[in-house]
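Each chain is listed here by its residues.
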Amino acid sequence: MALESESQKKSCCVFGDVYGVIMVPEELEIEKDASIDQFRFQLPDLKQAFQVNAIQMKETVEENTSTTERVFQDRQYQVDAAIVRIMKTRKVLSHTLLITELFQQLKFPIKPADLKKRIESLIDREYLERDKNNPQIYNYLA
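Note that the structure is predicted; figures quoted are calculated from it, not measured.

**Thoughts on the sheet that holds strand β5 (residues 137-140)**
One open sheet accounts for three strands, arranged β3-β5-β4; its pairing is antiparallel. With partners counted over all chains shown, the strands left at the sheet margins are β3 (92-94) and β4 (128-130), one partner each. Pairwise comparison of adjacent strand axes, ignoring direction, gives a mean angle of 30° for this sheet. Where helix α6 (residues 112-124) meets the sheet, its contacts fall on β4 and β5, and the angle it forms with β4 comes to roughly 100°.

Here it is, written out as structure tokens:
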């Protein structure tokens, strides 16, 4: 953490460790070798101490979509594992029941179209197959 001006350098003492950096005004007269456990103080207003610049908070639409794509790619293995886990216990299940069971088990929001892509991927990799008589029913292949 870099202090911008000489006046800021003179007006505070910096204590740092792996948990973070605390800037304390020199008026508190804390010893330079004092550990973080040896003193307690109250910040007057936490919003003022941890204010985030509004310009940095704005995210473009492109960044938002790319972030969503990366998150889905990271979570696709969790979705695959959930589908296989459900189908392993049920052996035969319809599409709507599988989707509702997935929504109950998965703790993150996901679109039904993404679930359908993952089911198709598992069919291609021969973990699942569609029923020959009814294409809405999936069979688990052991």
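What follows picks up the thread again.
**Looking at the nonpolar core**
As a rule of thumb, soluble globular proteins bury nonpolar side chains together. In terms of nonpolar packing, the biggest core is built from 21 residues, with Ile83, Met87, Leu98, Leu102, Leu106, Ile119 and Leu128 touching the most fellow members. Looking at this core, the elements with two or more residues in it are α4 (61-90), α5 (95-105), α6 and β5. Filtering out sequence-adjacent residues up to four positions away, Leu106 remains in contact with Gln78, Val79, Ala82 and Leu115.

**So, the pairing of β5**
Look at any regular strand and the pattern is simple: side chains alternate between the two faces of the sheet. When β3 meets β5, the two strands line up antiparallel, connected through three bridges. Of the residues in β5, the one forming a bridge with Val92 is Asn139. Relative to β5, β4 runs antiparallel, the two being bridged by three bridges. Paired with Leu128 across the bridge in β5 is Tyr140. Between β4 and β5, which follow one another and run antiparallel, lie six residues.

**Looking at the packing of α5 against α6**
α6 packs onto α5 with a crossing angle of 115° between their chain directions and a minimal axis gap of 11 Å. Considering the angle they form, α5 stands roughly perpendicular to α6. Between α5 and α6 lies a crossing of right-handed hand. Residues His95, Leu98, Ile99, Leu102 and Phe103 of α5 touch α6, and the partners they reach there are Pro112, Leu115 and Ile119. Its residues placed into classes, the contact of α5 with α6 shows seven nonpolar, one polar and no charged.

**Examining the confidence of the model for the protein chain**
Averaged over all residues, the pLDDT of the protein chain is 76; the fraction at 70 or higher stands at 60%. Here residues 7-20 scores under 50 on pLDDT; set against residues more than four positions off or in separate chains, the count is 31 contacts.

Conventions we followed
- Residues numbered from 1 in each chain as written.
- Predicted model: local features only at pLDDT ≥ 70, side-chain atom pairs only at ≥ 80, totals over all residues.
- Heavy atoms only, no water.
- Pairing = 2+ DSSP bridges.
- Helix = DSSP H or I, 4+ residues; strand = E, 2+ residues; numbered from the N terminus.
- Axes fitted to C-alpha atoms, helices over the stretch in contact; angles between N-to-C directions.
- Contact = heavy atoms within 4.5 Å.
- Core = buried A, V, L, I, M, F, W, Y, C linked by side-chain atoms within 4.5 Å.
- Buried < 20%, exposed > 50% of the residue type's maximum accessible area, 1.4 Å probe, protein only.
- Parallel < 35°, antiparallel > 145°, perpendicular 65-115°, else oblique.
- Left-handed = near helix turned anticlockwise from the far one by under 90°.
- Nonpolar A, V, L, I, M, F, W, Y, C, P; charged D, E, K, R; others polar.
- pLDDT = per-residue confidence, 0-100.

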